[in-house]
Amino acid sequence: MPTLLITTPDGAEHDVSAQPDRSLLQIVDDARLDGLVAECGGSCVCATCHCIVHEDDLSRVAPPDDDENQMLDFTATDREPGSRLACQLKIDASHEGLRVRIAQRQF
């Protein structure tokens, strides 16, 4: 089970154990961390689960697909090179130590 380092909008860092083959949104929700709204419930249609993968970890995650890429244009916080939607980022064992920051605002 990989452990992720998730930074919430208040700047607090959390080591979170992640069940493999779940989305980052599900993992953050399971850990009861604040910051993600996910109004659409993880369907990639609202851009309210914006998170940023640390630049040094970008090579470890697949790039966003076309649908996610389009939705990232509608995030409330400016898009960054590591911007992703947590509902679309699937976590597996290779993501041990992945560093992710939840965006300051979701809308």
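Here the structure is shown first, and the text comes after it.
Residues numbered from 1 in each chain as written. Predicted model: local features only at pLDDT ≥ 70, side-chain atom pairs only at ≥ 80, totals over all residues. Heavy atoms only, no water.

Draft legend 1. Local environment of the environment of Glu-13. Along the polypeptide, Glu-13 turns up in strand S2 (residues 13-17). Here Glu-13 falls in the exposed class, since its relative accessible area comes to 58%. For Glu-13 and Arg-99, which are 86 residues apart along the polypeptide, the C-alpha to C-alpha distance reads 9.6 Å. Leaving out residues up to four positions away in the same chain, Glu-13 has contacts with Leu-5, Ile-6 and Thr-7. (Helix = DSSP H or I, 4+ residues; strand = E, 2+ residues; numbered from the N terminus. Buried < 20%, exposed > 50% of the residue type's maximum accessible area, 1.4 Å probe, protein only. Contact = heavy atoms within 4.5 Å.)

Draft legend 2. Representation of unusual backbone geometry within the structure. In this model, Asp-21 sits at a positive phi of 65°, which is unusual for a non-glycine residue. You can see Asp-21 is positioned in the loop between S2 and strand S3 (22-23). For Asp-21, a relative accessible area of 67% corresponds to the exposed category. Residues other than glycine seldom take positive phi values, yet Ala-47 does so here, at roughly 60°. Assignment of secondary structure puts Ala-47 in the loop between helix H1 (24-30) and strand S4 (50-53). For Ala-47, a relative accessible area of 2% gives the class buried.

That's the geometry; what it means functionally is another story.
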